[in-house]
Each structure stands twice: as C-alpha cells, then as structure tokens.
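What follows is each chain in one-letter form.
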Amino acid sequence: MDNQKIPHKVTVARFVQAVRHFAASEEGWKVKWMFAGLIALLFGINGMNVVNSYVGRDFMTAIADRNKAEFIRQAMFYIGVFAASTLVSVIARFTEERLGLLWRQFVTQRAIAAYLADGTYYRLNASGELENPDQRIAEDVRAFTVTTLSFILMLLNSSFTMVAFSGVLWSISPLLFIVAVLYAACGSSLTIVLGRPLVRLNYDQLDREANFRSSLIHVRENAEAIMLARREERLEARLLQRLDALVANFRRIIGINRRVGFFTTGYNWLIQIIPALVIAPAFINGEIEFGVITQSAMAFSLLVGAFSLIITQFQSISNFAAVVARLSSLMGAVEQAQIPTSAIEMAQDEGRVAYEQLTLPSSESGSPLLKELSISIPCGTRVLLTGSNQAARVVLFRATAGLSTAGAGRIIRPGADGLLFLAQRPYLPPGTLRQILVRPSHEGDISDDRIVELLRELHLEPVLARAGGLDREQDWETLLSLREQQLLAFIHILLAAPRFAFLDRASTALHPDQVQQILHMLSEHAITYINNGQSDDTLDLYDAVLEIEADGSWTWKAHKINSDSGR
C-alpha cells in the first residue's frame, strides 16, 4: 500500500470526508460557531489593514508637509488602529489553535478506534504493507489538522485581502494592479516547477525519520536481551544504515530548497521596490502626495502576498501534501485490513466452539498440519488438546483466536467477550494492577476484596506488595516473572467470566500443581476450557481429549459419553 501511488481523486475524497465528519460530529455546533467567528475576525483584520493603509498615507503626508497638528492626530489614529488590530489578531490566533486542537482530538480518536477495531492493528503489522502507522496517527494527524485549518484560513484571508486591496491599488494605479497580478502568477508557476519533487521527498523523509526512531526504541525495549546476546555491533550497523538513508534524502530536500530559495528570496526582495518604480514618477511630477507611495507599497505587498500564497508557503504546502498522502495511505490500509482475506470462514455461536472441515497448513512448507478437523465443543465440555504435533496445536490456538490467515474450513465460536485466550507468553498492558486484572466494563462490579482474595488464593501477595497496591502504574514485563504474568492473566480471565477459555501451553511457565489449580478454579466459575497441554495431564480434569498426530490426523475422545471418533 505504501509503495503504491494513491490516485489523487481518492486522496481528495478522503480529505473532504474527514472535514465533513468533523463538521457533523457531536462537537459540530461548536465547530461551526468557532469557524464563523474566525471568518468574522478575518474580516475585521482585513478591515483594519485597509484603514491602516489610509492612516499610514495621511501620517507620512503630514511628515512630508511638516504639519505638526496633523502628524499628532494621525499618530493617535495609528496607535488606535494598532491596538485594535492586535486585539483582533490575538483572539483570531487563540480561536484557530483551539479549533485545531478540537479537530486533532476528534480525528485521532477516530483513527485509534479504527486501528484497534477487529484486530486491524494485527493484520496491518502482519501484512507489512504500511510503515509506521503509529507515527501517522500521532504526528501526521496533528500536522494534518493544524495545517489544514491554517491553510483554509490563509486562503480565506488571502481572498479577503484581494477584495479589500484590489480596489485600493486600482485607485492608486491600474498599471500597478496589473503588475501585481502578473508578477504573482509568474512567480507561483515557477515555484511549482522548481519545487515539485519536494512532495515525494518530504513523504519519504517522514518515513525515514520514523524508521530511525523505531530502531532506537527497539534498542531501549530490548536492552537486557541485547546485552545478553552482545549484538550491539549489528544494531549499530542497522542504526547507521537508517541514519544514512535519512541524511541522504534530507540532502536532496536541502538541494531543492536551495534552488527554490534563490528564486523566492529574489522574488520577495523585488516586491519592496516595484511599487516605488511605478509610483515614484507620479510623485516627482507632483501628481500625487508622498503618502501615496507608502500606501501603494503596503497595498502592493499585501495584494502580491495574497496572490503568492503558493510561493510564500511552498515548503509548508509540500510537507502538507506528503502528510495528506500518508494519512490517505493509512485510511486505505485500514479499510483493506478490515476486509476478510482468509479462506477460513468465521461464524459466531455463544454456546459452543466448533470446527467444520478445518485444514491448517504450515506457514513454512505449506504442508497440512491439521486435516479436516470437524468437532463441536458445547459449553461445559472441558477439552485437553494434546498429541505429538505441537505445531498443529499452536496453529489451532492461533486460528481460533483469529490470528491465522492460511487454511480452509469453518470455525464457529462465541464473540469476543464469550471466549478469552491465555497465551504461552501473556500480554499485560501498561497501567495499574487493577487495570490489568479488571476489564473497563466490569470496574464498578469487582470489589478490592475480590481481587485481593484471588491474588491470595494463587499466592501472589508479594506481587501486590511490589506493585505498591492496586492503583499504581508499573512496567509489568520488568517487574514480574513469566509465571506471575501468567497467573495475573489467568485472574483477568476469571474476573471477566467468559463462557469459554482457551489456554496455550500454560505448563511452560507454571508448575503442574498450579495448572491443576487454575483448571479447578475455571470449573468452579463455570468457565469451559480448552487446554493445549501435555499427554500426561490428569484426565479427571477433562471431559474430552483432542489428539493431533504428526501427519495432521486427529482423534476425538469424549470420556463422559464413552464414544470415540477420528480421522
């Protein structure tokens, strides 16, 4: 997705859609009032600029005429106009920043929701089609909202300036007005030609900066493992390689900026002298007052600036175009990731976990690890998953969780709240002990006594002490052993109270007695479990055994009903 060229129409459509969603949001009424207020303030600023041009003209004429009384009067007007302009400009800037922050919050919330919905983040990572989605959500959304609003206001302000000062400049000199329009048009065209490559280079630079930063984060997050493996030399080479790519791309940006800078700097210098070259002869011939020269210079500068928005903001525009393209790539990748691509059909049934003609291949060789599994596990049937083919058992765990994409057949299972998984290495999110144990929807229903009781039952009182209580944030991976992490993840399942739980090789980190204890606790809480365990596990804890052989065949033994079946 990242390496494909996105059609401009798609990018524009997504841009317009983002603006419409914001305007139609719950905050839409506030957004519209703030935007209307900004337009009114822009009218006020431009009105003040027009008044300022006439006050400035009379002020300079009074100086040229050595008229002290008029000089003092115009100076007072000048101070009043400056004070009013300052007040209006500051309020406009404040409103713009508040509106930009409101928009950023809205877009980021939607992006996070889409990114985390239905495992989209996992499929994006697994596909490798999109680089650095985290940076796009954090940095690019900020740049998009702030810059979009800024450009919209600049366009409106430029339009108001054109309307306000076209008449002023035409009244002074029609020739100067025509020169201003032609000068701005030629300058904008040349700037676009000279700076066009910046859009793609800025796009690439954002990715290279993110890649370099992610490599540094990798070192920090894996410091202990790197220290033990002594792989610093390899990591240094990787970091320097990414730094070289970053620097090389930025050199190209600097080279184009130099080329554009030669033109735009000369362009801006000439703005200061062109009005004088056109108007000065009329003053020398006594046709106009001296103040008209300063007024024409101000009107010409503002009008050319309004017409020359591309020139004055080209660097920002090229950065903005790159940001919009990157966000469009993110939205496209998220939309694509939400489309099912697996041949395995997923269906929902809250009362059972079932497999129909399920075949799962090896990700390495493509040969089948599991062949045409067809069983149904109703609520209340405790299952031991065993056999010599450990790879097949693991891939069945992953497929049931929705992680595996290759294969064929049908998986029927409860929804997300009805079936929870305990991985061999569990994930404990950053936060407090209460937050990792209790789901947000259950926070008001689970008492502290209940949490402490479960911790005590599993002999985890030292964890509570090391954590500093239930409400202190910790880095759980560094604070806890794998055994303790496994037991805390198990308590999370108990408190969530799903109908089914699927455990993957819990005996790797836990003692067999602890495995038996947690299975007993699951039974006491009426949670049906499927345990990817060992063949020597106590069968009294199970109602059925699913055994998968090395060739992918399987055998289902249901002890309670004394019947065997297999393939």
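Residues numbered from 1 in each chain as written. Predicted model: local features only at pLDDT ≥ 70, side-chain atom pairs only at ≥ 80, totals over all residues. Heavy atoms only, no water.

Trainee: Run through the overall build of the protein chain, naming residues and quoting values.
Mentor: Check the secondary structure of the protein chain and you find 19 helices and 11 strands. For 567 residues, the compact-globule estimate of 2.2 N^0.38 gives 24 Å, and the protein chain exceeds it by more than 25% at 34 Å. Each principal axis of the C-alpha distribution contributes one length, and for the protein chain these read about 115 × 50 × 45 Å. Counting across all 567 residues of the protein chain, residues that qualify as buried make up 42%. Sequence separation of at least 24 residues holds for 77% of the intrachain contacts in the protein chain that already meet a minimum separation of 6. (Helix = DSSP H or I, 4+ residues; strand = E, 2+ residues; numbered from the N terminus. Rg over C-alpha atoms; globule rule 2.2 N^0.38 Å. Buried < 20%, exposed > 50% of the residue type's maximum accessible area, 1.4 Å probe, protein only. Contact = heavy atoms within 4.5 Å.)

Trainee: Which residues make up the environment of Asn 49, and what are the values?
Mentor: With respect to the helices and strands, Asn 49 occurs in helix H2 (residues 28–64). Residue Asn 49 is classed as partly exposed on the basis of its relative accessible area, which comes to 23%. The spacing of Asn 49 and Leu 302 is 253 residues in sequence and 9.2 Å in space, taken between C-alpha atoms. Apart from residues no more than four positions distant in its own chain, Asn 49 is found in contact with Phe 165, Met 298 and Leu 302.

Trainee: Break down the sheet that holds strand E2 (residues 352–361) for me, with residues and values.
Mentor: The sheet built from four strands is open, its strands ordered E1-E5-E2-E3 with mixed pairing. Strands at the two margins of the open sheet, each flanked by one partner only, are strand E1 (344–348) and strand E3 (368–378). Here the average twist between neighbouring strands, direction ignored, is 15°. Pairing analysis gives five bridges linking E1 to strand E5 (residues 408–413), with the strands arranged parallel. Across the sheet, residue Ala 347 finds its bridge partner in E5, namely Ile 412. Sitting on the sheet, helix H13 (residues 390–400) is in contact with E1, E2, E3 and E5, with an inclination near 125° to E2. (Pairing = 2+ DSSP bridges. Axes fitted to C-alpha atoms, helices over the stretch in contact; angles between N-to-C directions.)

Trainee: Residue-level account of the packing of aromatic side chains, with values.
Mentor: A complete count under the given rule lists 13 aromatic pairs for this structure. Between the aromatic rings of Phe 22 and Trp 103, the centroid separation amounts to 5.4 Å while the plane-to-plane angle is 10°, which identifies the pairing as stacked. Here Trp 103 lies in helix H3 (residues 68–116) and Phe 22 lies in helix H1 (residues 8–23), a separation of 81 residues in the sequence. Judged by relative accessible area, which is 6%, Phe 22 ranks as buried. Taking the centre distance of 6.0 Å and the plane angle of 35° together, the rings of Phe 263 and Tyr 267 count as tilted. Of this pair, Phe 263 and Tyr 267 both sit in helix H9 (residues 232–284), four residues apart, roughly one helical turn. Given a relative accessible area of 22%, Phe 263 falls into the partly exposed group. Through successive ring pairs, a cluster of aromatic residues spans Phe 22, Trp 103, Phe 106 and Phe 144. (Phe/Tyr/Trp six-rings, centres within 6.5 Å; stacked < 30°, edge-to-face > 60°.)

Trainee: Describe the confidence of the model for the protein chain, naming the residues involved and giving the relevant values.
Mentor: For the protein chain, per-residue confidence averages 83 on the pLDDT scale, and 95% of positions sit at 70 or higher. When the criterion is pLDDT under 50, residues 561–565 qualifies, and its contacts beyond four places in sequence or with other chains add up to eight contacts. (pLDDT = per-residue confidence, 0-100.)

Trainee: I'd like to hear about the nonpolar core, residue by residue, with values.
Mentor: Among the nonpolar cores identified, the biggest contains 42 residues, and Leu 433, Leu 437, Leu 488, Ile 491 and Leu 522 are the most heavily contacted of them. Contributions of two or more residues to this core are made by strand E6 (419–422), helix H14 (433–437), helix H15 (448–457), helix H16 (461–467), helix H18 (482–496), strand E7 (500–504) and helix H19 (512–524). It is H18 that provides the largest number of residues to this core, a total of nine residues. Not counting residues within four places of it along the chain, the set of residues in contact with Leu 437 comprises Ile 451, Leu 455, Leu 488, Ile 491, His 492 and Leu 495. (Core = buried A, V, L, I, M, F, W, Y, C linked by side-chain atoms within 4.5 Å.)

Trainee: How would you explain the pairing of strand E9 (residues 544–548) if you had to name every residue and give the values?
Mentor: The element E9 is largely enclosed, with a buried count of four among its five residues. Where strand E4 (residues 383–386) meets E9, four bridges bridge the pair, whose relative direction is parallel. Looking across to E9, one finds that Leu 384 is bridged to Val 545. In this sheet, strand E10 (residues 554–558) lies alongside E9 in antiparallel orientation, the contact comprising five bridges. From the neighbouring strand, Val 545 faces E10, where its bridge partner is Lys 557.

Trainee: Report on the packing of helix H7 (residues 198–221) against H9, specifying residues and quantitative values.
Mentor: Direction vectors running N to C along H7 and H9 enclose 160°, while the axes themselves pass 9 Å from each other. Judged on the interaxial angle alone, H9 and H7 are roughly antiparallel. Crossing angle aside, the handedness with which H7 passes H9 is left-handed. A breakdown of the residues in the contact of H7 with H9 according to their chemical character gives 13 nonpolar, eight polar and six charged. (Parallel < 35°, antiparallel > 145°, perpendicular 65-115°, else oblique. Left-handed = near helix turned anticlockwise from the far one by under 90°. Nonpolar A, V, L, I, M, F, W, Y, C, P; charged D, E, K, R; others polar.)

Trainee: Please give an account of a nonpolar patch on the surface that cites residues and values.
Mentor: On the surface, a cluster of nonpolar side chains totalling about 470 Å² of accessible area is made up of Ile 63, Phe 71, Ile 72, Met 76 and Ile 79. The greatest single-element share of the nonpolar patch, amounting to four residues, is contributed by H3. Relative to the helices and strands, Met 76 is located in helix H3. When its relative accessible area of 54% is taken as the criterion, Met 76 is described as exposed. (Patch = residues over 30% accessible without salt bridge, like charges linked within 9 Å, V, L, I, M, F, W, Y side chains within 5 Å. Areas by Shrake-Rupley, 256 points an atom, 1.4 Å probe, with all protein chains shown as cover. Salt bridge = Lys/Arg side-chain N within 4 Å of Asp/Glu carboxyl O.)

Trainee: Give a detailed account of the environment of Glu 27, specifying residues and quantitative values.
Mentor: Inspection of the secondary structure puts Glu 27 in the loop between H1 and H2. Classification of Glu 27 by relative accessible area gives partly exposed; the value is 32%. Distance in space between the C-alpha atoms of Glu 27 and Trp 103 is 9.4 Å, their sequence separation being 76 residues.

Trainee: Which residues make up the side chain of Thr 145, and what are the values?
Mentor: On the secondary structure map, Thr 145 appears in helix H5 (residues 133–172). Engagement of the side chain of Thr 145 in a polar contact is seen with the backbone oxygen of Arg 142, the distance being 3.1 Å. Excluding residues within four positions of it along the chain, Thr 145 makes contact with Gly 100, Trp 103, Arg 104 and Val 107. (Polar contact = N/O pair within 3.5 Å; in protein donor to acceptor, adjacent residues only side chain to side chain.)

Trainee: Would you mind going over helix H6 (residues 174–195) in detail, with residue names and values included?
Mentor: For H6, which comprises 22 residues, the first-to-last C-alpha distance of 32 Å matches the rise-based estimate of 32 Å (1.5 Å per residue) to within 8%. When we look at burial in H6, the residues that qualify are Leu 176, Phe 177, Ala 180, Tyr 183, Ala 184, Gly 187, Ser 188, Thr 191 and Gly 195. The arc that holds every buried residue of H6, seen down its axis, measures 130°, which confines them to one face. In H6, the exposed positions angled more than 90 degrees off the buried face are occupied by Leu 175, Leu 182 and Val 193. In this fold, the buried residues of H6 make contact with H5, H7, H9, helix H10 (291–307), helix H11 (309–312) and helix H12 (314–337). (Expected span 1.5 Å × (residues − 1). Arc of directions from axis to C-beta.)

Trainee: Just give me the short version of the pairing of E4, but keep the residues and values in it.
Mentor: Burial along E4 is two-sided: the face carrying Val 383 and Leu 385 and the face carrying Leu 384 and Thr 386 are both buried. Pairing analysis gives three bridges linking E4 to strand E8 (residues 528–532), with the strands arranged parallel. From the neighbouring strand, Leu 385 faces E8, where its bridge partner is Asn 532.

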